[in-house]
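# A look at the structure
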Amino acid sequence: MFGIVRPCRHRLGEKLTAQWTAHLCGLCLALRGDHGQLARIVTNYDGLLISVLTEAQADPAGPRGRRTAGPCPLRGMRTASVAHGEGARLAAAVSLVLASAKVRDHVADGDGLLARRPVALAARRVAAGWDRAGARTGSDVGFDTAVLVDAVDRQTGIEALAGPGTPILTVTEPTETATAAAFAHTAVLAGRPGNAAPLAEAGRLFGRLAHLLDAVEDREADAASGAWNPLTATGTSLDEARRLADDAVHGIRLALREAEFTDGGLAHRLLVHELPNSVRRAFGTPSCAHGSHPYAPPGAPGAPGGPTPPEPPRRDRRGLLAGCAVWLGLACTCQMCCGEYEDPWTRERKEGCLHNCDCCECCECCNCCSCGGEDGCCSGCDCGCDC
């Protein structure tokens, strides 16, 4: 699972968590329904924003765009109401095309197993299939994915020409264009043409933010492996990247104010409240205390001056083929998304990605709400902020 918007259940609350999960499941099932089991691996946190925005603008008198899905390990083998319809299908189309671009980028960089020619050839075939599948689904909902493919193609050329002194926004432009088109089309699907312009602006800035944060998070790893990184290549400092990221977050908030929503609570929470946390996480600003024990008594295991906690007992690792077989089973049953599972190779116990918590203190009031007044980000909204 990839994406920069990874909300915490403690902040979302029960109602918004249920809505968020419905869109996540809806995206996953839309991928499976249109393109088969393998396509479900491109399910991502950012892609579901397309589905969220579409539903947020929908006519309350029209169909809700939900259906009851069958039992799934992701939900403890329970049925659930999940997002369904054009918003989920648009999210699936966008996710397929962008995941295809990500695969081709890794192939070009020769990352990991993709440095081997047979594996790279297979990956290219999968990526090409995702491009065609995304185009078909996009066409079904009136969205031309050519704008996404063109952006990906231009990205390669821009990166080849970029060097010290090249503005970093020149490098992020193709991503901005692609996300702007996807965000704007949600207004078309929802029958809200007046929202197209502000949502295109929000999408453009979201694309910029996603590109910048990805570059920041990969900076050290790219330097170690010799891979191309936009910040390093253009000589952009972390301070400048942080300034641009903060400006993008602010711009998204202002753009969303210009759009009309029927029920924009979840969209507001994800794009206004969660994006600042994504920025803090990427730049290494501490923001989460869940699962930690910052007030452990002196001398306790893990506390300063205390004994080192004992290492968990080692388990025998699985071999390559056995681990791959277990991974395939976990991926096809969604166990890696939720609940506990055993790492396919190391056998370590892990929690699914839906249990990952990246949040501030449970009782801490979000900073943006404390601003209050007309400039407070929660001014006039019903997002459940009780500051």
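Each chain carries its own residue numbering, running from 1 in the direction its sequence is written. Residues qualify for local features only when their pLDDT is at least 70, as the model is predicted, and side-chain atom pairs are given and counted only at 80 or more; totals for whole chains, interfaces and linings, by contrast, use all residues. Hydrogens are left out, water is left out, and the side-chain values use all remaining heavy atoms of the structure.

Our focus in this paragraph is the packing of aromatic side chains. Classification of ring pairs rests on two measures: the distance between centres of Phe, Tyr or Trp rings, Trp counted by its six-membered ring, which must be within 6.5 Å, and the angle between planes, read as stacked under 30 degrees, edge-to-face over 60 and tilted in between. Counted according to the given criterion, the structure contains two aromatic pairs. Residues Trp20 and Tyr45 carry aromatic rings whose centres are separated by 5.7 Å and whose planes lie at 25° to one another, so their mutual orientation is stacked. Residue Trp20 is found in helix H1 (residues 9-35), and its partner Tyr45 is found in the loop between H1 and helix H2 (48-57); the two are separated by 25 residues along the sequence. Exposure classes here rest on a 1.4 Å probe applied to the protein chains alone. A residue is buried below 20% of its type maximum, exposed above 50%, and partly exposed in between. The class for Tyr45 is buried, based on a relative accessible area of 3%. Helix and strand definitions here come from DSSP, where helices need a minimum of 4 consecutive H or I residues and strands a minimum of 2 consecutive E residues; each element is numbered from the N-terminal end.

One way to put it is that helix H9 (residues 238-257) packs onto helix H10 (residues 265-282) with a least axis distance of 10 Å and a crossing angle of 175°. As the angle between them shows, H9 and H10 are arranged roughly antiparallel. Residue-level inspection shows Arg242, Ala245, Asp246, Val249, Ile252, Arg253 and Leu256 of H9 in contact with H10, the latter providing Leu271, Val272, Leu275, Pro276, Val279 and Arg280. Fitted lines through C-alpha atoms serve as axes, helices being fitted only where they are in contact, and the angles separating the N-to-C directions of these axes extend from 0 to 180 degrees. Roughly parallel covers angles under 35 degrees, roughly antiparallel covers those over 145, roughly perpendicular covers 65 to 115, and oblique covers all other angles. Whether two residues touch is decided by their heavy atoms; if any such pair falls within 4.5 Å, the residues are in contact.

Cavities and pockets are found on a 1 Å grid laid over the protein atoms alone: a cavity is a set of points where a 1.4 Å probe fits but cannot escape, a pocket is an open set with protein on both sides within 12 Å along at least five of seven lines, and a lining residue has an atom within 4 Å of such a point. Grid points are joined across faces, edges and corners, and a volume is the space filled by probe spheres set on the points. One number sums up the size of the largest pocket: a volume of about 1,500 Å³. Of all the secondary-structure elements, those providing two or more residues to the lining of the largest pocket are helix H3 (86-109), helix H5 (146-161), helix H6 (168-189) and helix H7 (196-225). When residues are sorted by character, Ala, Val, Leu, Ile, Met, Phe, Trp, Tyr, Cys and Pro go into the nonpolar class, Asp, Glu, Lys and Arg into the charged class, and all the rest, Gly among them, into the polar class. Grouping the constituent residues of the lining of the largest pocket by class yields 24 nonpolar, 12 polar and 13 charged.

Close contact between H2 and H6 brings their axes to 8 Å; oriented N to C, the two are set at 35°. In this structure, H2 meets H6 at a crossing whose hand is right-handed. Packed against H2, whose contacting residues are Ile50, Leu53, Thr54 and Gln57, the element H6 presents Ala182, Phe183, Thr186, Ala187 and Leu189 at the interface. Among the residues forming the contact of H2 with H6, the class breakdown is six nonpolar, three polar and no charged. In a left-handed crossing the near helix is turned counterclockwise from the far helix by less than a right angle, and in a right-handed crossing that turn is clockwise.

Right, let's get into a negative patch on the surface. Residues forming no salt bridge and having over 30% relative accessible area are the ones grouped into patches, like charges within 9 Å of each other and nonpolar side chains (Val, Leu, Ile, Met, Phe, Trp, Tyr) within 5 Å. All accessible-area figures derive from a Shrake-Rupley calculation using a 1.4 Å probe, and residue coverage is judged against the displayed protein chains alone. By salt bridge we mean one thing: a side-chain nitrogen of Lys or Arg within 4 Å of a carboxyl oxygen of Asp or Glu. Counted as positive: Lys and Arg. Counted as negative: Asp and Glu. His and the chain ends are not counted at all. Charge positions are represented by NZ for Lys, CZ for Arg, CG for Asp and CD for Glu. The grouping of Asp105, Asp109, Asp214 and Glu217 at the surface amounts to a negative patch. Of all the secondary-structure elements, those providing two or more residues to the negative patch are H3 and H7. When you line up the elements, Glu217 lands in helix H7.

We now examine H10. Spanning 18 residues, H10 covers 25 Å between terminal C-alpha atoms, matching the ideal 26 Å at 1.5 Å per step. Working definition for bend: take the seven residues up to and ending at a residue and the seven starting at it, fit an axis to each, and measure the angle between the axes. If you look at H10, its biggest bend is around 40°, right at Glu274, and the proline Pro276 turns up within four residues after that. Counting buried positions along H10 gives 15 out of 18 residues, so the element sits mostly inside the fold. Looking one or two residues beyond H10, the residue adopting positive phi is Gly284, at roughly 80°. Given the number of residues in a helix, its expected span is that number minus one, multiplied by 1.5 Å.

Scanning the entire structure with this criterion turns up 14 salt bridges. Measuring nitrogen to oxygen at the nearest pair gives 2.9 Å for the salt bridge that ties Glu176 to Arg208. Of this pair, Glu176 sits in helix H6 while Arg208 sits in helix H7, placing them 32 residues apart in sequence. Assigned by exposure class, Glu176 and Arg208 land together as buried. Linked by salt bridges that have partners in common, Glu176, Glu201, Arg204 and Arg208 make up one network.

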